[in-house]
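Tertiary structure, described
Spelled out, the chains give:
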Amino acid sequence: MPTLDAEKRAKERAKEKRQRQRQKERDPEAYAKKMRERRKRYKERYPEKVKEWDSKPLTQEQIDRRNEKRREHRKNNPELYRAREKARSVSNPERNATKHRNRRARKESVGGRLSTTLKQSLMEKQKEKCAVCKKSVKKACHLDHIVPLALGGGNVDSNIQLLCPSCNSSKSAKHPVDFMQSRGFLL
Ligand SMILES: [Zn+2]
């Protein structure tokens, strides 16, 4: 019966997947190397197929999955990314200075001033929780421009929320709607 066959194949695939998962956990580097080699062998064997796949644009689902993977990788390897960022700023010190200057310039041209008690009042309003993930921001929090200055948001109290460092860094200059959608909120 075909359904039984399909079931059997699905079970086998699940088993193989678990094996790969275990291998990956035991020795992630060796596993990554193995997968790289496997992809390379496949590409050598079926260059036309790979070319055809590569030429297709990614679907939104694939893009989301890729971005999710990257986020995960970044989250799991903070030192790696810090080191990379550092290397970039060392090799290109202008980049950092420029980022800083741009931000200040935007703030100045946007004008507006935040009240000095803003952080305290937001702490109360948000019950000391990150506005996005609801984790405690008691120990570390960032004042976030809800609509980024780069997108025309104002440097005013009503455009500020408290975020945990992790949400703040992943939000950066994204539009708030896009960012919330990427976190599974809004439609
Ligand atoms: Zn958060």
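This structure is a prediction, so every number in the text was calculated from the model and none was measured. (Residues numbered from 1 in each chain as written. Predicted model: local features only at pLDDT ≥ 70, side-chain atom pairs only at ≥ 80, totals over all residues.)

1. Things to note about the nonpolar core
Cys130, Ala131, Val132, Val137, Cys141, Leu162, Leu163, Cys164 and Cys167 form the largest nonpolar core, which has nine residues in total. When near neighbours in sequence (up to four residues on either side) are disregarded, Ala131 contacts Gln126, Gln161, Leu162 and Leu163. (Core = buried A, V, L, I, M, F, W, Y, C linked by C-beta atoms within 7 Å. Buried ≥ 20, exposed ≤ 12 C-beta atoms within 10 Å, placed from the backbone. Contact = placed C-beta atoms within 7 Å.)

2. Quick notes on the domain arrangement of the protein chain
Bring the parts together and some accessible area is lost; that lost area is often taken as the interface size. Considered domain by domain, the protein chain is made up of domain 1 (2-56) and domain 2 (114-182). When each unit is reduced to the centre of its C-alpha atoms, the spacing between domain 1 and domain 2 is 41 Å. (Domains from an automatic or database assignment.)

3. A look at the packing of helix H5 (residues 78-91) against helix H6 (residues 93-110)
The geometry of H5 relative to H6 is characterised by a closest axis approach of 4 Å and an angle of 100° between their N-to-C directions. Taken as axis vectors, H5 and H6 run roughly perpendicular relative to one another. For the pair formed by H5 and H6, the contact residues are Arg88, Ser89 and Val90 on the first element and Pro93, Arg95 and Asn96 on the second. Class assignment for the residues of the contact of H5 with H6 results in two nonpolar, two polar and two charged. (Axes fitted to C-alpha atoms, helices over the stretch in contact; angles between N-to-C directions. Helix = DSSP H or I, 4+ residues; strand = E, 2+ residues; numbered from the N terminus. Parallel < 35°, antiparallel > 145°, perpendicular 65-115°, else oblique. Nonpolar A, V, L, I, M, F, W, Y, C, P; charged D, E, K, R; others polar.)

4. Remarks on H5
Taking 1.5 Å as the rise per residue, H5 with 14 residues should run 20 Å; its terminal C-alpha atoms sit 20 Å apart, in good agreement. Of all 14 residues that make up H5, zero are buried, and the element is exposed over most of its length. (Expected span 1.5 Å × (residues − 1).)

5. Some points on the confidence of the model for the protein chain
The pLDDT averaged across the protein chain works out to 89; a share of 98% of its residues lies at or above 70. Summarising per-element confidence for the protein chain, the mean pLDDT is lowest in H6 (77) and highest in strand S2 (residues 160-163) (95). (pLDDT = per-residue confidence, 0-100.)

6. Re H6
Taking 1.5 Å as the rise per residue, H6 with 18 residues should run 26 Å; its terminal C-alpha atoms sit 26 Å apart, in good agreement. Little of H6 is tucked away: zero of the 18 residues are buried. Looking at the residues trailing H6, positive phi occurs at Gly111, about 70°.

7. Description of unusual backbone geometry
Its identity as a non-glycine residue notwithstanding, Glu128 has a phi of 60°, on the positive side. When you line up the elements, Glu128 lands in the loop between helix H7 (118-125) and strand S1 (142-145).

8. Considerations on the pairing of S2
Both faces of S2 are covered, namely the face carrying Ile160 and Leu162 and the face carrying Gln161 and Leu163. Relative to S2, S1 is paired through four bridges, and the arrangement is antiparallel. Bridge assignment links His145 to a residue of S2, and that residue is Ile160. (Pairing = 2+ DSSP bridges.)

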